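# Chains, contacts and geometry: an overview
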Number of protein chains: 2
Amino acid sequence: MKFAVHKLMLATGWPFVVILNENDARALGVHPFDRLNVRLNNRQWNTVLDVAKSGFPVKPGQMGVFEELSNTMGSREGTIVSVTPAPKPTSLRYIKKKMAGFQLNRKEIFEIVKDITERHLTDIEMTYFVTAFYINTMTENEIVWLTDAMVRTGRRLDFGRGKIVDKHCIGGIPGNRTTMIIVPIIAANGFLIPKTSSRSITSPAGTADTMEVLADVALDIGKFKRIVKKVGGCIAWGGSVSLAPADDQIIRIEHPLSIDAEGQLIASVLAKKASVGSTHLLIDIPYGLFAKCKTLNAAKRLGDKFLSVGNRFGLKTHVVLTEGIEPIGNGIGPALEAIDVMKVLANARDAPLDLKAKSLYLAGVMLEMVVMAQKGKGFELARATVDSGMALKKMNEIIDAQGRRVKDYSKIQVGEHRFEHCATHNGTVKGINLNSISSVAQAAGAPLDKGAGILLHKHIGDKVRPREKIFTVYAESKFKLVAAKEALKDSECFDY
Amino acid sequence: MKFAVHKLMLATGWPFVVILNENDARALGVHPFDRLNVRLNNRQWNTVLDVAKSGFPVKPGQMGVFEELSNTMGSREGTIVSVTPAPKPTSLRYIKKKMAGFQLNRKEIFEIVKDITERHLTDIEMTYFVTAFYINTMTENEIVWLTDAMVRTGRRLDFGRGKIVDKHCIGGIPGNRTTMIIVPIIAANGFLIPKTSSRSITSPAGTADTMEVLADVALDIGKFKRIVKKVGGCIAWGGSVSLAPADDQIIRIEHPLSIDAEGQLIASVLAKKASVGSTHLLIDIPYGLFAKCKTLNAAKRLGDKFLSVGNRFGLKTHVVLTEGIEPIGNGIGPALEAIDVMKVLANARDAPLDLKAKSLYLAGVMLEMVVMAQKGKGFELARATVDSGMALKKMNEIIDAQGRRVKDYSKIQVGEHRFEHCATHNGTVKGINLNSISSVAQAAGAPLDKGAGILLHKHIGDKVRPREKIFTVYAESKFKLVAAKEALKDSECFDY
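Think of each chain on its own: its residues are numbered from 1, step by step along the sequence as written. A letter from A marks each chain and a number from 1 marks each ligand, given out in the order of writing. Local features are withheld for residues below a pLDDT of 70 in this predicted model, meaning they are given only at 70 or higher, and side-chain atom pairs are given and counted only at 80 or more; totals for whole chains, interfaces and linings count all residues. Think of the side-chain values as coming from all heavy atoms in the structure, minus any hydrogens and water.

## Re the nonpolar core
Residues Phe306(A) and Phe306(B) are the most contacted members of the largest nonpolar core, which totals 108 residues. Two residues form a contact once any of their heavy atoms are found within 4.5 Å. Once residues within four sequence positions are removed from consideration, Phe306(B) is found in contact with Ile170(B), Leu265(B), Ile266(B), Val269(B), Leu270(B), Ile283(B), Ile285(B), Asn311(B), Thr317(B) and Val319(B). Only buried residues count toward a nonpolar core. Its members are Ala, Val, Leu, Ile, Met, Phe, Trp, Tyr and Cys residues joined through side-chain atoms within 4.5 Å. The buried label goes to any residue with under 20% of its type's maximum accessible area, the exposed label to any with over 50%, and the partly exposed label to all in between, with areas taken from a 1.4 Å probe on protein chains only.

What follows is the structure, given as structure tokens:
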């Protein structure tokens, strides 16, 4: 059938959606979400049908076209196009097969991931895929094939034959900014460490948010590669480098139900590492009441899967399980965490020792993995790299290469509005509610207000006296400081 | 935060979607599909967030609002509204619980169905629900509770205390228009039969399409009720009566993967019957290679579930399993099927006997169910109702009440473009490919072109000679007749 293009002044993203009037859709024998082939001047496009129930916004004989398709087709208002029903993507058959409980093979998984990457599937169809793998779980083979498909459908970096080191933390612990200390240590020891990090999703700061206090992090893949080649390390926001793009789509679909399917988590992490050509990978899995893994056993199980899939995938993988029951370092929020990091690298007198210790431990394991240090000597080498100032020098090279934002860490702005949270009685800190601490920091404006957050004066085991400061809350506006006070009222952050 | 309304000239249906600029969304700490509470003049609305990646179409400080919400709020371009993050519907927790393999209770299922009915859930969230019940299957309790929730969240008809009879066919067999013969037989015997039927989804005609040749079928619930009260029977399109509205949403979500979850199918059928206050229900389950149930055993299993759920739900349910290996009657397509139906009711000399026999059999069972006829005597009573002209008289009352479209069946228009498909050799018809027959009828224009379709001259078991007519294809345009010829080329409709 022929239709006249009616341009809708809106972008909807992918897949291309076209709108037909209800009667025209019936005449074509098609329903919402069916596929249509649209042809104009010997070119053709795959589209997904939506149906207008009334004459608004699409009258009979019209085809409503959103911004992206309209631009791609070069069509004008009233341009005549040919439209025929088209078959659905074959990947839907494989999704249905997994729903029925069958295991998928490499080719079937690749087809699904390819269709996700090329944006041929609708949100509904991708949700079927995510749920099928979530409910019916993934076999180890399927995780390997999913990882492989994610890598093959994205861009890959090739730094040549050397050892390329990477790390990943499963997350959940505020202030856990070891990456920004480890990357310069590893790079200063002559290894490449092309690190992409996320912005915060549900926390007061992600590594990308924190690094952004010091340097630009929204780097495209070309710049990312040049920096790694030039200075050995880089700490970029993964969203701009866009490796393994299918993963972003899957995460978007998982968000509404806060689903964290284990197989997909493993594939997601490994695909991003494999895309940058990593050869050695350290996985840090914190465990504790507020971490993603609640118990040591859960952390062990997840670690074992990372190990076997990572190694099968050709990545020399090592897993460390770390207790995560309180924030690492003193700062929570981008600016405050960046200050912690820089104090460690600069060997400042008041550097947070717990952040330093954890970073040196992880960096040491990595240096042993690449046989730069003997077994048991990695920690010493990592410490020497920091103590000698080599790590700080390397960090400054990385910051300059990415695009420096502050002259030095003493110039980092923290929120000018602040209040102290003080103890009401004598005691010893027995526990810290990480969820509550995060909520207060977020209410204060973190992570978008870089200077907002919390500075801890006490950790677990510390003694407190009445009217002694436990932590300081920082905000960039009076309004958000009030919001943080409100959030604090509803929650017990410190147990002492 | 405060935003200025930016009106987007487009309707998107429900739930209300608002679009914020990417940076504003980050400042609010929200992500696509999160909930926002929008307030204006002491009123408030629940909305779902979408995010504009660039300044198009929603600039920082703006909130993009689609037609429905804009109209509901009475907002203008630039109206200032307050926006705060809102919690997600609690029903999402229950969906996640079912995904984890737990059985849901009555309250949890009701909450989900209520949120679907009130359009609080997004397509992605409804897909999680559909998949969870599909993969993890439903217990009999869950099917009963789903049915109950669907009924309670929709409108219900109350015809008082008498026996209200209904029937449902699981479908899949072309020409199977028994409903239009059964309804007048039952009504002529003094029982109420408030029948809602569907339009075709994947076939050349549904009962609603066929009835529409004779009378209006797009009746609202008020008119539907008045007609049933006045003449005893009615054959309306279910889409306009809109009983158990949650069901339509679930079916829409199931369409892209052609999912037909058994529990949902049963709940869907029973909810619609319970909503009109049915007391007695006959379920016809055809089985055969081209039917929904491929084998007698599959039909038995499905029938047993219908029986136990229906009876638990207070519906006196009876199931018949009928062999479905060839079209019923001679016509396929709305007008041709309507002619078949009227010929049976009018006792025409050339009425299709197979359609008559099946209709009388089903009507007979129903008359026995309501104890209008003794066991074994129902068929005789149904036949007498037709032979005496009582059924035809009742059908004419029903047609007049709904809104008559043709004076009598001799005035029904069939497509003026036609061709005969003739035999090429001697033989006996061994089988008919129902999928192929349907495809040809659809290519000819059925069901939207009412006069399009196929008239069969041969059934299984009939002898054919070279150049003898097997069937005639009707179309309303030359173009579609050519399309039907093309479709016929690719397929073997008759095996002889």
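Picking up where we left off.
## Looking at the packing of helix H5 (residues 123–135) of chain A against helix H11 (residues 245–254) of chain A
All names here are of chain A. Close contact between H5 and H11 brings their axes to 10 Å; oriented N to C, the two are set at 85°. With respect to their mutual orientation, H5 and H11 come out roughly perpendicular. Along the contact surface, H5 presents Asp123, Met126, Thr127, Phe129 and Val130, while H11 presents Gln249, Ile250, Arg252, Ile253 and Glu254. A class-by-class count of the residues in the contact of H5 with H11 yields five nonpolar, two polar and three charged. Axis definition: a line fit to C-alpha positions, over the contact stretch in the case of helices; interaxial angles, taken between N-to-C directions, run 0 to 180 degrees. Elements are defined by DSSP. Helices are runs of H or I of four residues or more, strands are runs of E of two residues or more, and each kind is numbered from the N terminus. If an angle is under 35 degrees, it is roughly parallel; if it is over 145, roughly antiparallel; if it lies from 65 to 115, roughly perpendicular; otherwise it is oblique. In this classification, Asp, Glu, Lys and Arg are treated as charged, Ala, Val, Leu, Ile, Met, Phe, Trp, Tyr, Cys and Pro as nonpolar, and every other residue, Gly included, as polar.

## Observations concerning the interface of chain B and chain A
In many analyses, interface size is given as the accessible surface area lost on bringing the parts together. At the interface, 45 residues of chain B touch 44 residues of chain A. Throughout, buried area stands for the accessible area (probe radius 1.4 Å) lost by two parts on being put together, summed over both. Contact with chain A buries surface across chain B, with Arg26(B), Tyr128(B) and Leu257(B) losing the most and accounting together for 19% of the total. A side-chain nitrogen of Lys or Arg and a carboxyl oxygen of Asp or Glu constitute a salt bridge if their distance falls within 4 Å. Here Asp209(A) ties to Arg26(B) by a salt bridge, and the two come within 3.0 Å at their closest N and O atoms. In the analysis that follows, any N or O atom pair within 3.5 Å is treated as a polar contact, provided that within protein one partner can donate a hydrogen and the other can accept it, and provided that, for residues neighboring in sequence, both atoms belong to side chains. On the surface where chain B and chain A come into contact, there are 12 residue pairs in polar contact (both at pLDDT 80 or more). Where the side of chain B that touches chain A is concerned, the elements lending two or more residues are helix H1 (22–28), helix H3 (91–99), helix H5 (123–135) and helix H11 (245–254) of chain B.

## Description of the pattern of salt bridges
In the structure shown here, the tally under the stated rule is 60 salt bridges over all chains. Where Lys273(A) meets Asp166(A), a salt bridge forms, and the shortest distance between an N and an O atom there is 3.4 Å. Note that Lys273(A) is positioned in helix H12 (residues 262–275) and Asp166(A) in strand E7 (residues 165–169), a separation of 107 residues in sequence. Where Glu468(B) meets Lys458(B), a salt bridge forms, and the shortest distance between an N and an O atom there is 2.8 Å. Remark: Lys458(B) occurs in the loop between strand E16 (453–456) and strand E17 (463–464) and Glu468(B) occurs in the loop between E17 and strand E18 (469–475); sequence separation between them is 10 residues. Taking the relative accessible area as the measure of exposure, Lys458(B) reaches 11% and is therefore buried. Overlapping salt bridges bring together Arg26(A), Arg199(B), Asp209(B), Glu212(B) and Lys450(B) as one network.

## Quick word on the domain arrangement of chain A
Residues and elements named next belong to chain A. Once the domains are mapped, chain A shows domain 1 (2–86), domain 2 (91–136), domain 3 (165–240 + 253–402) and domain 4 (413–495). Segment limits for the domains were obtained from an automatic or database-derived domain assignment. On a C-alpha basis, the centres of domain 2 and domain 3 stand 31 Å from each other. Listed as interface residues are seven residues of domain 2 and, on the opposing side, five residues of domain 3. Across the domain 2 to domain 3 interface the summed buried area is about 500 Å²; carbon plus sulfur atoms make up 81%.

## Considering the confidence of the model for chain A
In this model, chain A carries an average pLDDT of 93, and 100% of its residues clear a pLDDT of 70 or more. For this predicted complex, the interface score ipTM comes out at 0.83, alongside a pTM of 0.86. pLDDT expresses how confident the predictor is about each individual residue, on a scale running from 0 to 100.

## Things to note about helix H4 (residues 106–117) of chain A
Residues and elements named next belong to chain A. The span expected for a helix works out to 1.5 Å for each residue beyond the first. Taking 1.5 Å as the rise per residue, H4 with 12 residues should run 16 Å; its terminal C-alpha atoms sit 16 Å apart, in good agreement. When we look at burial in H4, the residues that qualify are Glu108, Ile109, Phe110, Ile112, Val113, Asp115, Ile116 and Thr117. Where H4 is buried, its residues contact helix H3 (91–99), H5, helix H6 (140–152) and H11. For H4, the side-chain oxygen to backbone nitrogen distance between the N-cap and Lys107 is 3.1 Å, and the N-cap itself is Asn105.

## What about the side chain of Thr79(B)?
All names here are of chain B. Note that Thr79 resides in the loop between helix H2 (67–73) and strand E6 (80–86). A polar contact of 2.8 Å, which involves the side chain of Thr79, links it to the backbone nitrogen of Arg76. Not counting the four nearest positions on each side in its chain, Thr79 is found in contact with Phe3, Ala4, Val5 and Leu40.

## Focus on the pairing of strand E5 (residues 62–66) of chain A
All names here are of chain A. For E5, the buried fraction is high: five of the five residues fall into the buried class. Alternating residues of E5 divide into Gln62, Gly64 and Phe66 and Met63 and Val65, and every residue in both groups is buried. For strand E1 (residues 2–8) and E5, the ladder comprises five bridges, and the chain directions are parallel. Its bridge partner being in E5, Lys7 is matched across the sheet by Val65. Pairing between two strands is assigned when DSSP locates at least 2 bridges connecting them. Pairing geometry for strand E2 (residues 17–21) and E5, over three bridges, is antiparallel. Counterpart to Leu20 in the pairing with E5 is Met63.

## Let's talk about the sheet that holds strand E1 (residues 2–8) of chain B
Residue and element names in this part refer to chain B. Overall, mixed pairing links the six strands, which are arranged E1-E5-E2-E4-E3-E6 in a closed barrel. Here the strands of the sheet are splayed against their neighbours by 45° on average, with no regard to which way each runs. Inspection of the sheet shows strand E3 (residues 35–40) paired to E6 by five bridges, in the antiparallel sense. Each bridged residue has a counterpart across the sheet, and for Arg39 the counterpart in E6 is Ser82.

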